[in-house]
Amino acid sequence: SVELPKDLFWKYWSEASFGYLTFAIGFTERAVAIVLFVFAPSALLPFVGGWMAVKYAARWQEIYGARAREETLIALVGTAWSLSTAVVAAYFIRDQALAYFTK
């Protein structure tokens with residue numbers, strides 16, 4: 001792991017965390033999760049597992065410095081919240097799809 005000076009660390013972190021690619025990935029994961037919940041709830045859980053595996057393989061969570069592990073876990077929690085908001089939004093679109101998970 002590479003240790004960046006504090007001022008460069010925060011500059012790198014803010015650019016890596018709030019760029020166009022980050023928003024595109026977040027939008028895509030939420031859109032796909034909503035569509036799957038509404039139209040194919042049985043495919044939602046495999047998608048979430050596969051999506052997490054792809055993001056991990058692409059090293060989306062790679063943060064440099066002493067707090068790398070901590071920030072990797074923050075990124076994981078962020079993805080969980082992202083997908084959770086998609087499921088809640090999808091529930092308001094088609095609440096009957098929840099029956100697949102609660103039967």
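Up top is the structure these notes are about.
Computed from a prediction, not measured in an experiment: that's the story for all the values here.

Caption draft 1: Spatial organisation of a nonpolar patch on the surface. Together, Leu 45, Val 88, Tyr 91, Phe 92, Leu 98, Tyr 100 and Phe 101 make up an exposed nonpolar region whose accessible area comes to about 680 Å². Looking at the nonpolar patch, the elements that each hand over two or more residues are α4 (68-93) and α5 (99-102). Note that Leu 98 resides in the loop between α4 and α5.

Caption draft 2: Region of interest: the environment of Arg 30. Residue position: Arg 30 is located in helix α2 (residues 20-39). With 60 residues separating them along the chain, Arg 30 and Ala 90 place their C-alpha atoms 9.6 Å apart. Within the structure, Arg 30 has its side chain in polar contact with the side chain of Ser 82 (distance 3.3 Å).

Caption draft 3: Main features of α2. The first and last C-alpha atoms of α2 sit 28 Å apart over 20 residues, in line with the 28 Å expected at 1.5 Å per residue. Of the positions making up α2, those classed as buried are Gly 26, Glu 29, Ala 33, Leu 36, Phe 37 and Val 38. Contacts from the buried residues of α2 go to α3 (44-57), α4 and α5.

Caption draft 4: Quick peek at the nonpolar core. Residues Ala 33, Leu 36, Phe 37, Val 38, Leu 44, Phe 47, Trp 51, Leu 83, Ala 86, Ala 90 and Ala 97 constitute the largest nonpolar core, which totals 11 residues. Looking at this core, the elements that each hand over two or more residues are α2, α3 and α4. The dominant element in this core, judged by the number of residues it contributes, is α2, at 4 residues. Discounting residues that sit within four places of it in the chain, Ala 90 has contacts with Ile 34, Phe 37 and Val 38.

Caption draft 5: Representation of the packing of α2 against α4 within the structure. The N-to-C vectors of α2 and α4 enclose an angle of 40°; their axes lie 8 Å apart at closest approach. If you check the angle between α2 and α4, you find them oblique. In this structure, α2 crosses over α4, and the sense of that crossing is right-handed. For the pair α2 and α4, the contacting residues are Gly 26, Glu 29, Arg 30, Ala 33, Ile 34, Phe 37 and Val 38 in the first and Thr 79, Ser 82, Leu 83, Thr 85, Ala 86, Val 87, Ala 89, Ala 90, Tyr 91 and Ile 93 in the second. Per-class residue counts for the contact of α2 with α4 are 11 nonpolar, 4 polar and 2 charged.

Caption draft 6: Quick look at the pattern of salt bridges. Following the criterion strictly, the structure yields 1 salt bridge and no others. Where Lys 55 meets Glu 29, a salt bridge forms, and the shortest distance between an N and an O atom there is 3.0 Å. Taken together, the residues Lys 55 in helix α3 and Glu 29 in helix α2 connect sequence positions 26 residues apart.

Caption draft 7: Seen up close, the packing of aromatic side chains. Here the structure, examined in full by the defined rule, presents 4 aromatic pairs. Measuring from ring centre to ring centre gives 6.0 Å for Phe 37 and Phe 101, while their planes differ by 15°; the resulting arrangement is stacked. Taken together, the positions of Phe 37 in helix α2 and Phe 101 in helix α5 put the pair 64 residues apart, joining distant regions of the chain. Between the aromatic rings of Tyr 91 and Phe 92, the centroid separation amounts to 5.8 Å while the plane-to-plane angle is 70°, which identifies the pairing as edge-to-face. Judged by its relative accessible area of 35%, Tyr 91 is partly exposed. Linked through ring pairs, Phe 37, Tyr 100 and Phe 101 together constitute an aromatic cluster.

Calculation rules
Residues numbered from 1 in each chain as written. Predicted model: local features only at pLDDT ≥ 70, side-chain atom pairs only at ≥ 80, totals over all residues. Heavy atoms only, no water. Patch = residues over 30% accessible without salt bridge, like charges linked within 9 Å, V, L, I, M, F, W, Y side chains within 5 Å. Areas by Shrake-Rupley, 256 points an atom, 1.4 Å probe, with all protein chains shown as cover. Salt bridge = Lys/Arg side-chain N within 4 Å of Asp/Glu carboxyl O. Helix = DSSP H or I, 4+ residues; strand = E, 2+ residues; numbered from the N terminus. Polar contact = N/O pair within 3.5 Å; in protein donor to acceptor, adjacent residues only side chain to side chain. Expected span 1.5 Å × (residues − 1). Buried < 20%, exposed > 50% of the residue type's maximum accessible area, 1.4 Å probe, protein only. Contact = heavy atoms within 4.5 Å. Core = buried A, V, L, I, M, F, W, Y, C linked by side-chain atoms within 4.5 Å. Axes fitted to C-alpha atoms, helices over the stretch in contact; angles between N-to-C directions. Parallel < 35°, antiparallel > 145°, perpendicular 65-115°, else oblique. Left-handed = near helix turned anticlockwise from the far one by under 90°. Nonpolar A, V, L, I, M, F, W, Y, C, P; charged D, E, K, R; others polar. Phe/Tyr/Trp six-rings, centres within 6.5 Å; stacked < 30°, edge-to-face > 60°.

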